[in-house]
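If you want the building blocks of each chain, they are given just below.
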Amino acid sequence: MSFVVAPAICRRSFLVGAASATVAASLPSAAGTARSTRELRLVAEPARWPIVGKPHQDSDVWCYDGRVPGPEIRVRQDEPVRITIENKLEQNTTVHWHGIRLPVSMDGVPGLTQPPIGPGESFTYAFTPPDAGTFWYHPHAHSLEQLGRGMAGALIVEEQEAVAVDRDLVWLLADWRLRSDAQIASGFGNPMEAAMSGRVGNTVTVNGAVSDEVPVRAGERIRLRLINGALARIMALRFEGHRPVVVAIDGQPCDPHEPARGRLLLGPAMRIDVVLDMQGEPGRRYRVVDDFYDGLSYWLTQLAYEDKPPVRAHPLEGSPALPRNPLPEPDLATAGRHALALQGGMMSGSGMGMGMQGMEHGGTWAINGHSMTGDGHAGMAPLVTLQLGRSYVLAIRNETAFWHPVHFHGHSFRVLSRNGSPVPHRHWADTVLLPPKEAIDVAFVADNPGDWMLHCHVTDHQVSGLMTVLRVG
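This is a predicted model, so every value here is computed, not measured.

J.: Would you take a moment to explain the sheet that holds strand S3 (residues 70-76) for this structure?
T.: Sheet strands line up and pair through hydrogen bonds in the backbone, either parallel or antiparallel. Overall, mixed pairing links the four strands, which are arranged S3-S8-S7-S5 in an open sheet. Looking along the sheet, the strands with just one partner apiece sit at the ends: S3 and strand S5 (96-98). Pairwise comparison of adjacent strand axes, ignoring direction, gives a mean angle of 25° for this sheet.

J.: Any chance you could explain the confidence of the model for the protein here in plain terms?
T.: Note: predicted coordinates in regions of low pLDDT should not be interpreted at a detailed level. Per-residue pLDDT for the protein has a mean of 91; in total, 90% of the residues score no lower than 70. With pLDDT under 50 throughout, residues 1-34 is counted as low confidence; its partners more than four residues away or in other chains account for 131 contacts. Ignoring residues within four places in sequence, the model shows residues 350-361, a span with pLDDT below 50, making 33 contacts including any to other chains.

J.: Would you mind going over the packing of aromatic side chains with me for this structure?
T.: What characterises a pair of aromatic rings is the spacing of the ring centres plus the angle enclosed by the ring planes. All told, the structure shown has twelve aromatic pairs when counted by the stated rule. Taken together, a centroid distance of 4.7 Å and an interplanar angle of 65° make the contact between Phe123 and Tyr125 edge-to-face. Under the relative-accessibility criterion, Tyr125 is labelled buried at 0%. Cluster of aromatic residues (ring-pair linked, three or more members): Tyr64, Trp97, Phe123, Tyr125, Phe127 and Tyr137. Over the face of the ring belonging to Trp62 we find Arg149, whose NZ or CZ atom lies 5.2 Å from the ring centre. When the ring centre of Phe188 is taken as origin, the NZ or CZ atom of Arg199, which lies over that ring, is 3.8 Å away.

J.: Would you mind showing me how to read the environment of Tyr293 here?
T.: Turning to its location among the elements, Tyr293 is positioned in the loop between strand S18 (285-290) and strand S19 (298-305). Residue Tyr293 is classed as buried on the basis of its relative accessible area, which comes to 17%.

J.: Hey, could you run me through the layout of surface pockets in this one?
T.: Estimates place the volume of the largest pocket at around 720 Å³. If you trace the largest pocket, you find 24 residues lining it, with Ala260, Arg263, Leu265, Arg418 and His427 closest to the centre. Listing elements by their share of the lining of the largest pocket, those giving two or more residues are strand S14 (245-249), strand S16 (264-266) and strand S29 (431-434). Sort the elements by how many residues they give to the lining of the largest pocket and S29 lands first, with three residues. In terms of residue class, the lining of the largest pocket is built from 15 nonpolar, four polar and five charged.

J.: Just to check I follow, could you spell out unusual backbone geometry for this structure?
T.: Excluding glycine, residues mostly have negative phi values, and the peptide bonds linking residues are mostly trans. A cis geometry characterises the amide bond from Lys54 onward to Pro55, with omega recorded as 5°. With respect to the helices, strands and loops of the structure, Pro55 is situated in the loop between strand S1 (38-49) and strand S2 (59-64). Cis rather than trans, the peptide bond between Val68 and Pro69 has omega equal to -10°. When you line up the elements, Pro69 lands in the loop between S2 and S3. Even without being glycine, Asp250 reaches a positive phi, approximately 50°. Here Asp250 lies in the loop between S14 and strand S15 (252-257). A residue is classified by how much of its surface remains accessible, and Asp250, at 0% relative accessible area, is buried.

J.: I tried to follow the pattern of salt bridges on my own but got confused; where do I start?
T.: Oppositely charged side chains may form a pair once their charged atoms are brought near each other. All told, the structure shown has 32 salt bridges when counted by the stated rule. A salt bridge links Asp131 to Arg101; its shortest N-O distance comes to 2.7 Å. Placement of the pair is Asp131 in the loop between strand S6 (122-127) and strand S7 (133-138) and Arg101 in the loop between S5 and S6, with a sequence separation of 30 residues. In this structure Asp131 comes out as buried when scored by relative accessible area, which is 2%. The shortest N-O distance in the salt bridge between Asp273 and Arg225 comes to 3.6 Å.

J.: When you look at the side chain of Asp273 in this model, what are you seeing that I'm missing?
T.: Here Asp273 lies in strand S17 (residues 271-277). Accessibility expressed as a relative area gives 0% for Asp273, which makes it buried. Engagement of the side chain of Asp273 in a polar contact is seen with the side chain of Arg223, the distance being 2.9 Å. Not counting the four nearest positions on each side in its chain, Asp273 is found in contact with Thr134, Arg223, Leu224, Arg225, Val245, Val246, Val247 and Ala248.

What counts as what
- Residues numbered from 1 in each chain as written.
- Predicted model: local features only at pLDDT ≥ 70, side-chain atom pairs only at ≥ 80, totals over all residues.
- Heavy atoms only, no water.
- Pairing = 2+ DSSP bridges.
- Helix = DSSP H or I, 4+ residues; strand = E, 2+ residues; numbered from the N terminus.
- Axes fitted to C-alpha atoms, helices over the stretch in contact; angles between N-to-C directions.
- pLDDT = per-residue confidence, 0-100.
- Contact = heavy atoms within 4.5 Å.
- Phe/Tyr/Trp six-rings, centres within 6.5 Å; stacked < 30°, edge-to-face > 60°.
- Buried < 20%, exposed > 50% of the residue type's maximum accessible area, 1.4 Å probe, protein only.
- Lys NZ or Arg CZ within 6 Å of the ring centre and 35° of its normal.
- 1 Å grid on protein atoms, 1.4 Å probe; cavity = no way out; pocket = protein on both sides within 12 Å on 5 of 7 lines; lining within 4 Å.
- Points joined across faces, edges and corners; volume = space filled by probe spheres on them.
- Nonpolar A, V, L, I, M, F, W, Y, C, P; charged D, E, K, R; others polar.
- Salt bridge = Lys/Arg side-chain N within 4 Å of Asp/Glu carboxyl O.
- Polar contact = N/O pair within 3.5 Å; in protein donor to acceptor, adjacent residues only side chain to side chain.

Structure below.
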């Protein structure tokens, strides 16, 4: 069924995903005026959590506020927020607010944008999210182990006006490598895995738990926010008997459309918002299947219809187009252009990339021949310096034999083309998935000053060299 790394544990051999509606937040919901500042606090700490459930024992995890995933934070667009992180781990940490266009000092990259938060220390992040949408938070220090042990949570920025749906659900998908005793397997940073697809686990969860079904009601309309919080697993989700409509990608609204071949493709760190009209039969169950990896298809969960009459007699017409966020439109006629080549890894023809000229610091991967390893550190020299306020096109080419979700901090970019063919549906993103040997053009306005990291979000790839810095200013 999947990448078997440890003896299988029953209950669909751990390779199932899970659960239901979003976990209730322990943090208060958004309230008050748009300009009042929210004050929140999160504690990074060890805990125990029932990833698999009975009869198996709870798993030892690292997490926020003693839960997996961390508390779901909901704020309003343009609402100032202050979030204090208290570190009760025995190692440094930071928090990266993934996808939020915020000041560089709040970006959470250790050494580059802030000192790391040491054991027993606290740090307060303060920012005002300009964009509504689906975002998430996770460490950017010791990120391979901290994210792999459970440290992640959803950050939802709600629109100024409510979207017309019956329910708004979040599924934070996570991928775990568990032993037969339900404990997280060691071995983070395996060099061979780092040179290939990264640490892919044997257990997939939704909102921190393995479960068989999600209760739904015939006739209801659901906004489902999908977040791939895995270290390395790419997912291709199919909703049997249903036709999800994509309304946002990486938090940015797009033209509503059905995905190609009915599959929602999610690399690590990517998000997709879909509208699901529940037109199944009362009392029936419909599987949600992940079939990205050849021969390793499994079902993530089931949509379990309550045996009740439909919520409404006739389905709602059309899918809601979400209000656009205030993203600056790049001027392609005057845009500067930079080429980024992703290089290295196994099967690269250069011995795990180690023979490539310019591969410094023992890196396995590189961008334009330069390898930056780890999670971030002081003195990271920028690969490119961009003029503040100018439009740019990045031509990103994957010269490797593996897939790479490329994430750019502090900005969203317009996805223009893949292999020379235009990308439809007004597709904006902050993390874009590149298959092997393919190329993509993205455009953005360099309007957020600072040193911004660009890296692969397969975390093994990032920490072993597939990372660089673009300077805006």
